[in-house]
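The lines below spell out each chain.
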Amino acid sequence: MPKVLVPFAEGMEEMEAVIIVDVLRRAGVEVTSASLKEGEVKASRGVRILADTTLDRVDLKHFDMIVLPGGGPGTKALGADPKIAQLLKEAKQEGKWIGAICAAPSVLVHQNILTQKDKFTAFPGIVSDAPGYTGSRLEISGKIVTSVGPGSAFEFSLELVRILCGEESMLKVKSALQLAS
């Protein structure tokens, strides 16, 4: 069973965080949400979410993928956390999958996880001037998956399911969600 780490930070976009975790779990993926600190995480619209654990209690070797939800303040917190930087660098070196949505691809840009040859997308205006930015709804470059924002969260999450579990699993989850084609 694939295992995915989803870090939670104050100010994260709650729709993205919850949809990523929910859709992956529907596919049978073992998802661990890990907050930067103990206790509830207050998301961008005031929703309070309790992560499974804290980031200092996780070891990347137990995960196949790390996925960063967006949200302006949450992305800033993730980008400033040295453990996130370390986990992303390790994931890239070890050939693990990395996902980021909305503002979170900026963390990948600033940590040099995305190279000049990589194509990526993000919320418009966040890192639109960085080399490789396409403005598409979804981009896959090597083992990095990026998407534009809350409105693409299902599309993004289903692509993660396809990558980790295959087309058939993705189609089953998509059908159960009753998403428009």
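Provided above is the structure to which this section pertains.
Criteria and cut-off values
- Residues numbered from 1 in each chain as written.
- Predicted model: local features only at pLDDT ≥ 70, side-chain atom pairs only at ≥ 80, totals over all residues.
- Heavy atoms only, no water.
- Helix = DSSP H or I, 4+ residues; strand = E, 2+ residues; numbered from the N terminus.
- Rg over C-alpha atoms; globule rule 2.2 N^0.38 Å.
- Buried < 20%, exposed > 50% of the residue type's maximum accessible area, 1.4 Å probe, protein only.
- Areas by Shrake-Rupley, 256 points an atom, 1.4 Å probe, with all protein chains shown as cover.
- Lys, Arg positive; Asp, Glu negative; His and termini not counted.
- Charge placed at Lys NZ, Arg CZ, Asp CG, Glu CD.
- Pairing = 2+ DSSP bridges.
- Contact = heavy atoms within 4.5 Å.
- Axes fitted to C-alpha atoms, helices over the stretch in contact; angles between N-to-C directions.
- Core = buried A, V, L, I, M, F, W, Y, C linked by side-chain atoms within 4.5 Å.
- Expected span 1.5 Å × (residues − 1).
- Polar contact = N/O pair within 3.5 Å; in protein donor to acceptor, adjacent residues only side chain to side chain.
- Left-handed = near helix turned anticlockwise from the far one by under 90°.
- Nonpolar A, V, L, I, M, F, W, Y, C, P; charged D, E, K, R; others polar.

Student: How do you make sense of the overall build of the protein when you look at a structure like this?
Tutor: Secondary structure summary: the protein contains 6 helices and 9 strands in total. Over its C-alpha trace the protein gives a radius of gyration of 15 Å, about what one expects of a compact globule, namely 16 Å for 181 residues. The dimensions of the protein, computed from C-alpha atoms along their principal axes, are 40 × 40 × 35 Å. Evaluated residue by residue, the protein yields a buried proportion of 51% over its 181 residues. A total of about 8300 Å² of accessible surface is found on the protein, and carbon and sulfur atoms cover 51% of it. Of the side-chain charges in the protein, 21 are positive and 22 negative, and the distance between the mean point of each set is 1 Å.

Student: What should I look at first to understand the sheet that holds strand S5 (residues 53-54) in this one?
Tutor: One key point about sheets: their strands pair by backbone hydrogen bonds, in either a parallel or an antiparallel sense. Spatially, S5-S2-S1-S6-S7-S9-S8 is the arrangement adopted by the 7 strands of the open sheet, whose pairing is mixed. Strand pairing shows two members of the sheet lacking a second neighbour, S5 and strand S8 (138-141), which therefore form its edges. Examined bridge by bridge, strand S1 (residues 3-8) and strand S2 (residues 30-35) share 6 bridges and lie parallel to one another. Bridge assignment links Pro7 to a residue of S2, and that residue is Ala34. Set on the sheet, helix H1 (residues 14-26) makes contact with S1, S2, strand S6 (65-68) and strand S7 (97-101); between it and S1 the angle comes to about 165°.

Student: Please explain the nonpolar core as it appears in this structure.
Tutor: The tendency in soluble globular proteins is for nonpolar side chains to be buried side by side. Counting residues in each nonpolar core, the largest one holds 32 residues, and the members touching the most others are Val4, Val6, Phe8, Leu24 and Val67. Put simply, the parts of the chain that give this core at least two residues each are S1, H1, S6, S7, helix H5 (153-165) and helix H6 (167-177). Setting aside residues no more than four positions away along its own chain, Val6 makes contact with Ile20, Val21, Val31, Thr32, Ser33, Ala34, Val67 and Pro69. Of all hydrophobic cores here, the second largest spans 26 residues; its members include Phe63, Leu108, Ile113 and Ala122.

Student: What's the story with H5 in this structure? I'm lost.
Tutor: Structurally, the α-helix is built with 3.6 residues per turn, so residues lying three or four positions apart point the same way. If you check H5, its first and last C-alpha atoms are 18 Å apart, about what 13 residues at 1.5 Å a residue would give, namely 18 Å. Those residues of H5 lying buried are Ala153, Phe156, Ser157, Leu158, Glu159, Leu160, Val161 and Leu164. With its phi angle positive at about 100°, Gly166 sits one or two positions after the end of H5.

Student: I tried to follow H1 on my own but got confused; where do I start?
Tutor: With 13 residues, H1 extends 18 Å between its outermost C-alpha atoms, agreeing within 8% with the 18 Å of an ideal straight helix rising 1.5 Å per residue. Those residues of H1 lying buried are Glu14, Glu16, Ala17, Ile19, Ile20, Val21, Val23 and Leu24. Regarding H1, its N-cap is Glu13, as a side-chain oxygen of that residue lies 3.1 Å from the backbone nitrogen of Met15 further along. Following H1 by one or two positions, Gly28 has its phi on the positive side, about 90°.

Student: Looking at this structure, I do not really get unusual backbone geometry. What am I missing?
Tutor: Phi is mostly negative for residues that are not glycine, and the peptide bonds are mostly trans. With phi around 60°, Asn112 is a residue other than glycine that occupies positive phi space. Tracing the backbone through its elements, the reader meets Asn112 in the loop between helix H4 (105-110) and S8.

Student: Looking at this structure, how should I read the packing of H5 against H6?
Tutor: Two quantities define a packed helix pair, namely the angle between the axes and the distance from one axis to the other. Interhelical geometry of H5 versus H6 gives an angle of 150° and a closest axis separation of 7 Å. For the crossing formed where H5 meets H6, the hand is right-handed. Packed against H5, whose contacting residues are Phe154, Leu158, Val161, Arg162 and Cys165, the element H6 presents Glu167, Ser169, Met170, Val173, Lys174 and Leu177 at the interface. Class assignment of the residues belonging to the contact of H5 with H6 gives a composition of 7 nonpolar, 1 polar and 3 charged.

Student: Explain the pairing of S6 here, please?
Tutor: Every other side chain in a regular strand lies on the same face of the sheet, so the side chains alternate between the two faces. Along S6, one buried face is formed by Met65 and Val67 and the opposite face, lined by Ile66 and Leu68, is buried too. Looking at chain direction, S1 and S6 are connected through 2 bridges and run parallel. When the sheet's bridge partners are listed, Leu5 is paired in S6 with Ile66. As defined by bridge partners, S6 adjoins S7 across 4 bridges and the pair is classed as parallel. Note on S7: the bridge partner recorded for Leu68 is Ala100.

Everything listed here is a matter of geometry and, on its own, says nothing about what the molecule does.
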